[in-house]
Amino acid sequence: QENKKQPDTDKIADLKKDYKDKTGKPLTTNQGLKVNDTNNSLKSGERGATLLEDFLLREKITNFDHERIPERVVHARGSGAHGHFELYKSMDKYSKAGLFTDTNRKTSVFVRFSTVAGSKGSGDLARDVRGFAVKFYNPEGTWDLVGNNMPIFFIQDAIKFPDLIHSVKPEPHREIPQAASAHDTFYDFVSLSTETLHNHIWVMSDRGIPRSFRMMEGFGIHTYRLINEAGKSHFVKFHWKPLLGVHSVTWDEAVKINGADSDFHRRDLWDAIDAGHFPEWELGFQIVPEEDEHKYDFDLLDPTKLIPEEMVPVIKVGKMTLNRNPENFFAETEQVAFLPGHIVPGIDFSNDPLLQGRLFSYRDTQLSRLGSPNFHQIPINRPIVETHNNERDAHMQTSIPKGKTAYFPNSIGGGCPHLSKISEGAFHTHEERIDAKKIRTRSESFSDHYSQPALFYRSLADWEKDHIAGAYTFELGKCTYPHIQERMLYHINQIDETLAKKVAEGLGLKIPKKIDQPVNQAIGADADVEKH
Ligand code: HEM
């Protein structure tokens, strides 16, 4: 197989310590006892009942009974691949991170692509956002860039995430529909929370039904910070650009492909890598100097807004190649745990309220998904550098920490010996001056929910616009509540009148001139709805 000929990255070398090859080996129990019969249980006589004594039967059945772990609460269906990232030229002007300064480095990566709404066994060609999560295994620690294939998100604040996801997942009473869109509940939520409209129109576009994971862009979405050696910060948006270009299928094709092969994207990625057609993406930075933070008519901290590339061009900084399929789906693709909070010196967070909530949510969910705070010891999650601290015990502790103490500070010895200075590579949070009232509202421009969806729509070719009109008509046609359909038509009309007209015609409905529901539920009951 072509992919096995690829040189081992640092992470593959690390994973190889845990590879288990059972080819040609004698069957044993988990205690190493050789087994002479795995087909017949122990019975009292030829026709007798099975004996409780049968430890072989019990071990085999017990393991089977516990094979399943909870699927991810979102992004449950995914496909992963290994590879590496190489830098074109040092970006030390902006960041001191090793992966952005050392052009001799081949940084190991593991990437997981996913759909968002469907369960683990759902079809690949659903109209949905796609996850694009990259784990960079650095000598300074692991950095996760957990993004999507669209540059914006549905909501502006993490506190709304459970509501968004409850509206898009199957209805609670009958677990229907499984499809990512075509929901009464989802359109109810979208039409009441107009901040969702920008991401939503991207999903209605051809971007919602990619041709292949290999042909999708990726985006970090949030504004992050890059920090250079001198401690200077620049804002940054991260972009992945596929060298194969961006391609989609039509809805008609998607429906047929899903019917004929619901593993189509998974198979496509696996087969391409297996055949040596390694997919590649260029990583890009959109850099905004700190002094330009308030230069735009949107807030850089608003994840429902993008920075148009005409305003701030994307600088290509390096290339990622995926060249090896996982050895085992469960051990690697299922157990991998991404977290936006996995960071290295040279990169830092912004105060985007969506990002801030994500920093809590991922580790929290992984505690229940993977069962123990020791999930960082699972081979795919293990950093390529040794880790040392005073955390101890818990379920599934698989290392054997030595010494008689586990605390800091410590004058007996054996606990974690010392802290590091910044000059020795320690992480140091960027010092940002904050002098503010403790409030729940956000800056004014967070309430502009129509300008950027309109900008996106206007940027499309006529045939792409037709596809969007078709998608809205099809999806809203599945909605069984006329008041929700009308509310959606009202919002589409704010984005583009021609689009709304086409959809209204398709649905046989009139576009309402006004709607009585407050449109900006998103900003809270105390806010002045009128001024938005
Ligand atoms: C999982 C992206 C917002 C909670 C994921 C995954 C991706 C992703 C790509 C799948 C990771 C994998 O392949 O294992 C994003 C992006 C967001 C966003 C781009 C917005 C910019 C949020 C928010 C929350 C959240 C606001 C919660 C407050 C989760 C959870 C998982 C997840 C709980 C499952 C993680 C796991 O089980 O390992 N997200 N997400 N996400 N996301 Fe997000």
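Treat the numbers as computed from the prediction; the structure is a model and nothing was measured.

## Some thoughts on the overall build of the chain
Turning to step 1, where the next piece is worked out: Within the chain one finds 14 helices and 10 strands.
Turning to step 2, where the next piece is worked out: Taken over the C-alpha trace, the chain has a radius of gyration of 26 Å; the compact-globule value for 532 residues is 24 Å, and the two agree within 12%.
Turning to step 3, where the next piece is worked out: The principal-axis extent of the C-alpha atoms belonging to the chain is close to 80 × 70 × 45 Å.
Turning to step 4, where the next piece is worked out: In the chain, buried positions account for 38% of the 532 residues.
Turning to step 5, where the next piece is worked out: Pairs at least 24 apart in sequence give 73% of the contacts found in the chain among residues at least 6 apart.

## Observations concerning the site of the ligand
Turning to step 1, where the next piece is worked out: Surrounding the ligand, one finds 29 residues, the nearest of these being His 75, Arg 112, Gly 131, Phe 161 and Ser 361.
Turning to step 2, where the next piece is worked out: Within the residue set of the shell around the ligand, elements represented by two or more residues are β2 (107-115), β3 (130-138), β4 (141-148) and α10 (353-370).
Turning to step 3, where the next piece is worked out: Broken down by element, the residue count for the shell around the ligand peaks at 8 residues, all from α10.
Turning to step 4, where the next piece is worked out: Considered class by class, the residues forming the shell around the ligand number 14 nonpolar, 11 polar and 4 charged.

## A short note on the packing of helix α6 (residues 197-204) against helix α11 (residues 451-458)
Turning to step 1, where the next piece is worked out: Relative orientation of the contacting elements α6 and α11 amounts to 25°, with a least axis distance of 8 Å. Judged by the angle between their axes, α6 and α11 are roughly parallel. Our pair here, α6 against α11, has a crossing hand that is right-handed. Within the contact between the two elements, α6 uses Leu 197, His 198, Ile 201 and Trp 202 and α11 uses Gln 452, Pro 453, Phe 456 and Tyr 457.
Turning to step 2, where the next piece is worked out: Within the contact of α6 with α11, the residues separate by chemical class into 6 nonpolar, 2 polar and no charged.

## Thoughts on unusual backbone geometry
Turning to step 1, where the next piece is worked out: For the bond from Ile 176 to Pro 177, the omega torsion is -10°, close enough to zero to count as cis.
Turning to step 2, where the next piece is worked out: Within the secondary structure, Pro 177 is located in the loop between α4 (161-168) and α5 (184-192).
Turning to step 3, where the next piece is worked out: A positive phi angle, close to 70°, is found at Ile 221, a residue other than glycine.
Turning to step 4, where the next piece is worked out: Its 23 C-beta neighbours within 10 Å are what place Ile 221 among the buried residues.
Turning to step 5, where the next piece is worked out: In this structure, Ala 394 is a non-glycine residue whose phi angle is positive, near 75°.
Turning to step 6, where the next piece is worked out: Secondary-structure assignment places Ala 394 in the loop between α10 and α11.
Turning to step 7, where the next piece is worked out: C-beta crowding within 10 Å serves as the criterion here: with 12 such atoms nearby, Ala 394 is assigned to the exposed category.

## Quick notes on the environment of Asn 258
Turning to step 1, where the next piece is worked out: Residue placement: Asn 258 occurs in helix α7 (residues 251-260).
Turning to step 2, where the next piece is worked out: Sequence-distant contacts of Asn 258, defined by excluding residues within four places in its chain, comprise Gly 123 and Leu 125.

## As for the packing of α4 against α5
Turning to step 1, where the next piece is worked out: Where α4 contacts α5, the two axes come as close as 7 Å, and the packing angle between them is 145°. Across the interface between the two elements, Asp 163, Leu 164, Ser 167 and Val 168 from α4 touch Thr 185, Phe 186, Asp 188 and Phe 189 from α5.

## What to know about the UniProt feature "active site" (unreviewed entry) in the chain
Turning to step 1, where the next piece is worked out: When the UniProt feature table is mapped onto this chain, "active site" (unreviewed entry) is found at His 75 and Asn 148. Taken together, the annotated residues stretch across 74 residues yet fold into one region, lying no more than 10.5 Å apart by C-alpha.
Turning to step 2, where the next piece is worked out: Tracing the backbone through its elements, the reader meets His 75 in the loop between α2 (55-65) and β1 (78-87).
Turning to step 3, where the next piece is worked out: Given 22 C-beta atoms within a 10 Å radius, His 75 is considered buried.
Turning to step 4, where the next piece is worked out: Once you skip the residues sitting within four places of it in the chain, His 75 turns out to touch Ser 114, Val 116 and Gly 131.
Turning to step 5, where the next piece is worked out: Relative to the assigned elements, Asn 148 resides in strand β4.
Turning to step 6, where the next piece is worked out: For Asn 148, a count of 23 C-beta atoms within 10 Å gives the class buried.
Turning to step 7, where the next piece is worked out: Leaving out residues up to four positions away in the same chain, Asn 148 has contacts with Val 129, Arg 130, Gly 131, Phe 132, Phe 219 and Ile 221.

## Thoughts on the pairing of β3
Turning to step 1, where the next piece is worked out: Counting buried residues along β3, 9 of its 9 residues qualify, which places the element largely inside the surrounding structure.
Turning to step 2, where the next piece is worked out: The two faces of β3 match: Arg 130, Phe 132, Val 134, Phe 136 and Asn 138 on one face and Gly 131, Ala 133, Lys 135 and Tyr 137 on the other face are all buried.
Turning to step 3, where the next piece is worked out: As paired strands, β2 and β3 are joined by 8 bridges and run antiparallel to one another. Bridge pairing in β3 places Val 109 opposite Phe 136.
Turning to step 4, where the next piece is worked out: As paired elements, β3 and β4 share 8 bridges and run antiparallel to each other. Bridge pairing in β4 links Phe 132 to Gly 147.

Cut-offs applied
Residues numbered from 1 in each chain as written. Predicted model: local features only at pLDDT ≥ 70, side-chain atom pairs only at ≥ 80, totals over all residues. Helix = DSSP H or I, 4+ residues; strand = E, 2+ residues; numbered from the N terminus. Rg over C-alpha atoms; globule rule 2.2 N^0.38 Å. Buried ≥ 20, exposed ≤ 12 C-beta atoms within 10 Å, placed from the backbone. Contact = placed C-beta atoms within 7 Å. Near = placed C-beta within 6 Å. Nonpolar A, V, L, I, M, F, W, Y, C, P; charged D, E, K, R; others polar. Axes fitted to C-alpha atoms, helices over the stretch in contact; angles between N-to-C directions. Parallel < 35°, antiparallel > 145°, perpendicular 65-115°, else oblique. Left-handed = near helix turned anticlockwise from the far one by under 90°. UniProt positions renumbered as here; feature names shortened; annotations may be inferred. Pairing = 2+ DSSP bridges.

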